[in-house]
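# Architecture at a glance
Residues per chain are reported as follows:
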Amino acid sequence: MTEVPEHLLKRSQDRRSALSGEAPSAEAPAASAASSAESGSAVVPAASTAAAKVAAATPAVAAEPEFVPPYVEAALKRKKIPFWAMPVLAFLPVWVFVYIGGLSPASDGKPTQLAQGQAIFAAQCAGCHGAGGGGGVGRPMTDGNLIKTFPDILGQLQFVWLGSNGMGPAGTPYGDPNREGGQHKTLSYNGNPMPAFNKSLKPAELLAVVRYEREVLSGYKLDPTQIDAKGQLTYGNSSPYLDAEGQLVTPEGKPLFDADGKLTIQPDWTMPVGSKK
Ligand code: HEC
């Protein structure tokens, strides 16, 4: 066991008695007298000096209680926030934001899927892509940039699901080959990979966040026939992107991703980008 040096114990005891206004316990001076005697300290009157100090400090508080306002007294007596709670408190505002974003979709008129996407983006993507999608460690998504890369949402679903390294070795082209300004290649933005999200997102969450990026951050205007009564994205002939089990499916209801997370149908890069804002 580590010995706490006697003089530190003494100091904390003095401090406590000074704060609480209680008389120091009788052992305190005795103990310190014993210890200074033991250690053969040259400062023999240490005990009496310390005791005198405590005696001097104690009445200062005790004698003039009217100078300790109740709120100061309360603050001194109050239990402090335990250190382990600090990280919890630090994340509280983020959590509140995510919570509100996910649960109050109707109040701002946004469909549920988009509101869910907004919460996921704030929690999992904004750190790299910027709160408004303006870019940072990750590529910018604003001003139609995403829609230029992925005119068809299918390509974007696969890219976010597998991440840069899931597309192939560094430099693998992805998205529209005829992209304005040249086709994007993996690890070409600043050398960083886009992480895979096939472990951390469910298919329904993937669809939600990808929709949010396209329709809100990148400004893609959907054809109204692509939205069903609940605000969920459909292929436009009312066949849904998600089946009853929450898996992503093709217009024919077959799995959209194979076992490796690759698309089972090819994106249509000739989709009218003109429908973006
Ligand atoms: C750790 C940082 C990081 C996080 C977190 C992140 N991204 Fe990315 N993202 C990147 C980087 C870096 C690129 C560029 C990839 C490359 O060059 O291979 C990128 C590229 C993209 C692209 C392609 C853009 C284009 O035009 O080529 C999409 C789409 C995308 N991210 C979506 C998302 C979504 C959705 C999330 C959250 C679920 C997310 N990102 C979270 C770093 C991140």
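Residues numbered from 1 in each chain as written. Predicted model: local features only at pLDDT ≥ 70, side-chain atom pairs only at ≥ 80, totals over all residues. Heavy atoms only, no water.

Moving on, we come to the overall build of the chain. Broken down by element type, the chain carries ten helices and two strands. Ordered by position from N to C terminus, the α and β elements of the chain give α-α-α-α-α-α-α-α-α-β-β-α. Counting across all 277 residues of the chain, residues that qualify as buried make up 32%. A separation threshold of at least 6 residues defines the contact pool for the chain, and within that pool the share at least 24 residues apart is 61%. Accessible area of the chain: about 16400 Å², with a carbon and sulfur share of 62%. (Helix = DSSP H or I, 4+ residues; strand = E, 2+ residues; numbered from the N terminus. Buried < 20%, exposed > 50% of the residue type's maximum accessible area, 1.4 Å probe, protein only. Contact = heavy atoms within 4.5 Å. Areas by Shrake-Rupley, 256 points an atom, 1.4 Å probe, with all protein chains shown as cover.)

What follows concerns the pattern of salt bridges. Taken as a whole and assessed by the stated rule, the structure comprises two salt bridges. Here E180 and K148 are joined by a salt bridge, their closest N and O atoms 3.6 Å apart. Taken together, the residues E180 in the loop between β1 (173-174) and β2 (184-185) and K148 in helix α8 (residues 145-149) connect sequence positions 32 residues apart. Across the pair R211 and E215 runs a salt bridge, and its minimum N-O distance is 2.7 Å. Note that R211 and E215 are positioned in helix α10 (residues 203-217) at a spacing of four residues, about one turn of the helix. The residues R211 and E215 share a single accessibility class, namely buried. (Salt bridge = Lys/Arg side-chain N within 4 Å of Asp/Glu carboxyl O.)

Quick look at the site of the ligand now. Around the ligand, the surrounding shell holds 28 residues, and the nearest of these are C125, C128, H129, M194 and E213. At 2.7 Å from an oxygen atom of the ligand is found a side-chain nitrogen or oxygen belonging to S164. Contact distances for the ligand include 2.6 Å between an oxygen atom and a backbone N or O atom of L187. Mapped onto the shell around the ligand, the elements with two or more residues apiece are α7 (126-129), α8, α9 (153-167) and β2. The element contributing the most residues to the shell around the ligand is α9, with four residues. When its residues are assigned to classes, the shell around the ligand shows 15 nonpolar, ten polar and three charged. (Near = heavy atom within 4 Å. Polar contact = N/O pair within 3.5 Å; in protein donor to acceptor, adjacent residues only side chain to side chain. Nonpolar A, V, L, I, M, F, W, Y, C, P; charged D, E, K, R; others polar.)

Turning to the packing of aromatic side chains, a few remarks are in order. Following the criterion strictly, the structure yields seven aromatic pairs and no others. With a centroid separation of 5.8 Å and an interplanar angle of 45°, the aromatic rings of F150 and F159 are classed as tilted. Under the relative-accessibility criterion, F150 is labelled buried at 3%. Since its relative accessible area comes to 8%, F159 is described here as buried. Seen from the ring of Y220, R214 lies directly overhead, with NZ or CZ sitting 5.1 Å from the centre. (Phe/Tyr/Trp six-rings, centres within 6.5 Å; stacked < 30°, edge-to-face > 60°. Lys NZ or Arg CZ within 6 Å of the ring centre and 35° of its normal.)

The protein atoms that coordinate the iron atom of the ligand are H129 (NE2) and M194 (SD), at distances of 1.9 to 2.1 Å. Of note is the iron atom of the ligand, whose six donor atoms meet at the metal with angles of 87 to 179° in an arrangement that counts as octahedral. Remark: M194 occurs in the loop between β2 and α10 and H129 occurs in helix α7; sequence separation between them is 65 residues. One exposure class covers both H129 and M194, and it is buried. (Donors = N, O, S within 2.8 Å, 3.2 Å for Na, K, Ca; no water. Tetrahedral: all angles 85-135°; square planar, octahedral: opposite > 155°, others 65-115°.)

The predicted model of the chain has a mean per-residue pLDDT of 79, with 68% of residues at 70 or higher. Taken together, the stretch residues 95-108 has pLDDT below 50 and engages in ten contacts with residues farther than four places along the chain or on a different chain. (pLDDT = per-residue confidence, 0-100.)

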